[in-house]
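A closer look at the structure
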Amino acid sequence: MSLAPRAVLVHRVTEYEELLARHGTHGQAAFFLSSRGRGIEDVRLRHERNRRGLAEVAAAVPLSWRQARVERADLDRFLFGPEDVVVVVGQDGLVANAAKYLDGQPVVGVDTDPGRNPGVLVRHRAADAGALLRSAVASAGRTGVDELTMAEAVTDDAQRLLALNEIYLGPPSHQTARYTLAVEGAGSAPEPQASSGVLVGTGTGATGWLRSLWHERAAPPALPAPTARRLAWFVREAWPSPTTGTTRVEGVLTEGESLHLTVESDRLVAFGDGMESDALELTWGQTVHVGVSKTALRLVG
């Protein structure tokens, strides 16, 4: 007997809830904000809109379905199943936070604060959740779904990291990263480098951190579209010296190509989508390979 579909509602603690946890009461939180020239009313109203949206989505889940909720801080401990339909309720960034823990499950992004969020990934309203959930299951995710390319980093000891926007490789502090960089499949020789890190990003991430590096370049490569099976990469502030070069500081990786980085510092890290708390630890002599992931985020359009 097959399991009934499960709707997994992904959400995060609101700013208002964080203030109450820190200060104890609404009045104390209001006093804290007022002492810094801010009011609490807008914060409270955003919280209420978020919680109303979450309740509306929960109520729209078909009665025959199973249902679960997971807060952003618990994503790395939550076990997603193949029969899940994931509903992200909140901001665009929350979709990226959840994406790295999925393996092909359809994702519905629900914007509870239209006009405040860009709505690139949270494309829908809470009132549409019921129809979207049923459609995702009825079509088995084959129609009305955008396959958004993801980046993948794999170390030589089989650690793996996925990211929807970008993967950063470099020092966890402001120290200089030393490594040897090579592009497999591009026919270029490895180059020792010293820099403040390397960024490898997708088309989805091309509106954020990746784009800021793109703007700094005189003649940068074209950034990929979100569904293109390509990645763009940039070296940040490469330093020329007698032993380190600056000739390979940007490029594009197509499917089947990968960026190889061999660590020549005591400690570097690799993390995805700004989540430094969930990073791969890289030590001297270790190699990490970054390329297009076979896993894509299946976002319901």
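What this report covers is the structure whose coordinates are included nearby. If you're wondering where the values come from, they're calculated on a predicted model, not measured in any experiment.

Quick word on the environment of G81
On the secondary structure map, G81 appears in the loop between β2 (66-71) and β3 (84-89). For G81, a relative accessible area of 10% corresponds to the buried category. For G81 and D157, which are 76 residues apart along the polypeptide, the C-alpha to C-alpha distance reads 26 Å. In this view, G81 contacts R6 and Q105; residues no more than four positions away in its chain are not counted.

Focus: the packing of aromatic side chains
The geometry of an aromatic ring pair comes down to the distance between the two centres and the angle between the two planes. One pass over the structure, following the stated rule, counts three aromatic pairs. Between F78 and F80 the ring centres are 4.8 Å apart and the planes differ by 70°, which places this aromatic pair in the edge-to-face class. Pairing Y168 with F271 gives two aromatic rings, centres 5.1 Å apart and planes at 40°, and the pair type is tilted. With Y168 in strand β7 (residues 166-170) and F271 in strand β14 (residues 267-272), the pair connects residues that are 103 residues apart, well separated along the chain. For the residue pair Y168 and F271, the accessibility class agrees, reading buried in each case.

Brief notes about the pairing of strand β4 (residues 106-110)
Regular strands show a simple pattern: their side chains alternate between the two faces of the sheet. With respect to burial, β4 is a largely interior element, five of its five residues being buried. Handedness of the β3-helix α4 (residues 92-99)-β4 crossover: right-handed. With two bridges joining them, β4 and strand β16 (residues 287-300) adopt parallel strand pairing. Counted as the bridge partner of P106 is R298 from β16.

Digging into the sheet that holds strand β12 (residues 250-254)
What holds strands together in a sheet is hydrogen bonding between their backbones, with the strands either parallel or antiparallel. One open sheet holds the six strands; their spatial order is β12-β11-β10-β7-β14-β15, and the pairing between them is antiparallel. The sheet is open, and its two edges are formed by β12 and β15 (280-283), each paired on a single side. Along the sheet, successive strands turn relative to each other by an average axial angle of 20°, direction set aside. Sheet analysis places strand β11 (residues 230-235) next to β12, joined by five bridges and oriented antiparallel. When the sheet's bridge partners are listed, W233 is paired in β12 with G251.

What about helix α3 (residues 41-60)?
End to end, α3 covers 29 Å across 20 residues, agreeing with the expected 28 Å (1.5 Å per residue, within 8%). All of the buried residues in α3 are V43, R44, R46, H47, N50, G53, L54, V57 and A58.

Here is what the cut-offs are and how they apply
- Residues numbered from 1 in each chain as written.
- Predicted model: local features only at pLDDT ≥ 70, side-chain atom pairs only at ≥ 80, totals over all residues.
- Heavy atoms only, no water.
- Helix = DSSP H or I, 4+ residues; strand = E, 2+ residues; numbered from the N terminus.
- Buried < 20%, exposed > 50% of the residue type's maximum accessible area, 1.4 Å probe, protein only.
- Contact = heavy atoms within 4.5 Å.
- Phe/Tyr/Trp six-rings, centres within 6.5 Å; stacked < 30°, edge-to-face > 60°.
- Right-handed = clockwise from strand over helix to strand, strands pointing away.
- Pairing = 2+ DSSP bridges.
- Axes fitted to C-alpha atoms, helices over the stretch in contact; angles between N-to-C directions.
- Expected span 1.5 Å × (residues − 1).

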